[in-house]
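Structural overview
Now for the letters of each chain:
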Amino acid sequence: MPWTRDQIAARAARELRDGFYVNLGIGIPTLVSNFVPEGMDVTLQSENGMLGVGPFPFENQVDPDIINAGKQAVTEAKDTSYFSSADSFAMIRGGHIDLSILGAMEVSETGDLANWMIPGKMVKGMGGAMDLVAGVKRVIVVMEHVSKDGASKLLDTCSLPLTGQRVVDMAITELGLFAIDKKGNGGVTLLELAEGVTVEEVKAKTRAKLTIGAAVKVA
Amino acid sequence: MATDMANKVYKDAKSALDGLLREGMTIMAGGFGLCGIPENLIVALRDSGVGNLTCISNNAGVDDAGLGLLLVTRQIKRMISSYVGENKTFSQQFLAGELEIEFNPQGTLAERIRAGGAGIPAFFTRTGVGTKVAEGKEVREFDGDKFVMETGLVAEVALVKAWRGDAAGNLVYRKSARNFNPMMATAGKITVAEVEELVPVGSLDPDHIHTPGIYVKRIIEGPSYEKRIEQRTVRKA
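Values in this document were obtained by computation on a predicted structure and should not be read as measured data.

Conventions and cut-offs
- Residues numbered from 1 in each chain as written.
- Chains lettered and ligands numbered in written order.
- Predicted model: local features only at pLDDT ≥ 70, side-chain atom pairs only at ≥ 80, totals over all residues.
- Heavy atoms only, no water.
- Contact = heavy atoms within 4.5 Å.
- Buried area = accessible area lost by both parts, 1.4 Å probe.
- Salt bridge = Lys/Arg side-chain N within 4 Å of Asp/Glu carboxyl O.
- Polar contact = N/O pair within 3.5 Å; in protein donor to acceptor, adjacent residues only side chain to side chain.
- Helix = DSSP H or I, 4+ residues; strand = E, 2+ residues; numbered from the N terminus.
- Buried < 20%, exposed > 50% of the residue type's maximum accessible area, 1.4 Å probe, protein only.

Okay, the interface of chain B and chain A next. Counting from both sides, the interface comprises 51 residues of chain B and, opposite them, 45 residues of chain A. A buried area of about 4100 Å², summed over both sides, lies between chain B and chain A, and 62% of it is on carbon and sulfur atoms. Linking chain B with chain A are 6 salt bridges, by the criterion used here. Notably, a salt bridge pairs A:D63 with B:R174, separated by 2.6 Å at the nearest N-O pair. At the boundary of chain B with chain A, the tally comes to 27 residue pairs in polar contact (both at pLDDT 80 or more). Put simply, the parts of the chain that give the side of chain B that touches chain A at least two residues each are α5 (88-95), α6 (106-117) and α7 (181-187) of chain B. Broken down by element, the residue count for the side of chain B that touches chain A peaks at 6 residues, all from α6(B).

Right, dumping it as structure tokens:
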């Protein structure tokens, strides 16, 4: 069985480390916060201007002045701080955030990311995605391996307009976990295979220079 | 000067905008989504009927709130924003070619406004290098990495919202409603602030003031605030 959205999020959560400051995108990335290991201290940043984001509020805790970057009502953590959006992106651009987990439409073998526009369709805007991938120390993409029409989203070259060039370190899909060589000549290395998924299936659904990691069991 | 300070206080949003508005002008409006938006000033701006506006704001509100109100009345010609996904009127007018949009990465937008207010005409950022955003802009290398030049942004009028303020124009924001408001307060040739509570001068702790009064030319206490939440994500008890 390929990984479910929750299993993808749970796998991404294993990349968290104690003391990390992390920015999570909307969708599967948001689910990662449900899988922070017990006892691990991870601080979530929200790019509108909040460090230390707590869970969704109970009805009697809802405060319209406490929202995350998805415009969702949230709560404070015990160590929350607020700041302007300029300060927030100074934090992001300045390399102070340890990890960004976000979704993607396409990822290339050199770590290029496309996740903000499809030519010919209404463009909603890139929001903070370009700043995050340009500034955060490590970028992990969580996404479905193929698009709705069956095309691979893990490619040799992105066809869609880019969000960032050579920015993605790792991609996690329902088929497995892939390291991306964003610094060198490019290449995607399969490091972990979801249970029940074969290397052949990964090969068939990937349109990038693919290496099978030594530790991956070849079924 | 007590009398000078008193001159900053206006009785309502309409009078606070009196004499400041003209066709085709550039206006900044604070807020992130519907959080921390100058609700009362936006309504007064709509009621003024002034059109052909360029609006600099992170988002475009929703169909019936925030800057969405000015889209419905077709008063906005051009927007500089980072994300407008919450507004159907926006999509319709954009696809019909009635509305121009310049998308800026959110951090670049925030920094452009900060720079504009600080008298910095341009800066270099890593954000957007190798993307459409960098097209036609100067790209320069520093220590082996590429950076794109972005220019500072100012506006003829900036509309901001704070939690508390005083007659000197000092402002204190509340929680994540701060967002774009502090930078915009510095980047308006004329900044008009609205606050939930106008408090006596001297009652705000000087160490806790976010926007010093020098930036604020006019201030009102809003009569009411809807403070709508776009995504009311609530946990079950």
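This part takes up helix α1 (residues 5-13) of chain A. For α1(A), the full list of buried residues reads A:I8, A:A9, A:R11, A:A12 and A:A13. On its buried face, α1(A) is in contact with α2 (28-31), β5 (99-102), β8 (138-142), β10 (170-172), β11 (176-180) and β12 (188-193) of chain A.

Along the chain, the position of B:R112 falls in helix α6. Once residues within four sequence positions are removed from consideration, B:R112 is found in contact with B:E102, B:N104, B:F123, B:E150, B:T151, B:G152 and B:L153.

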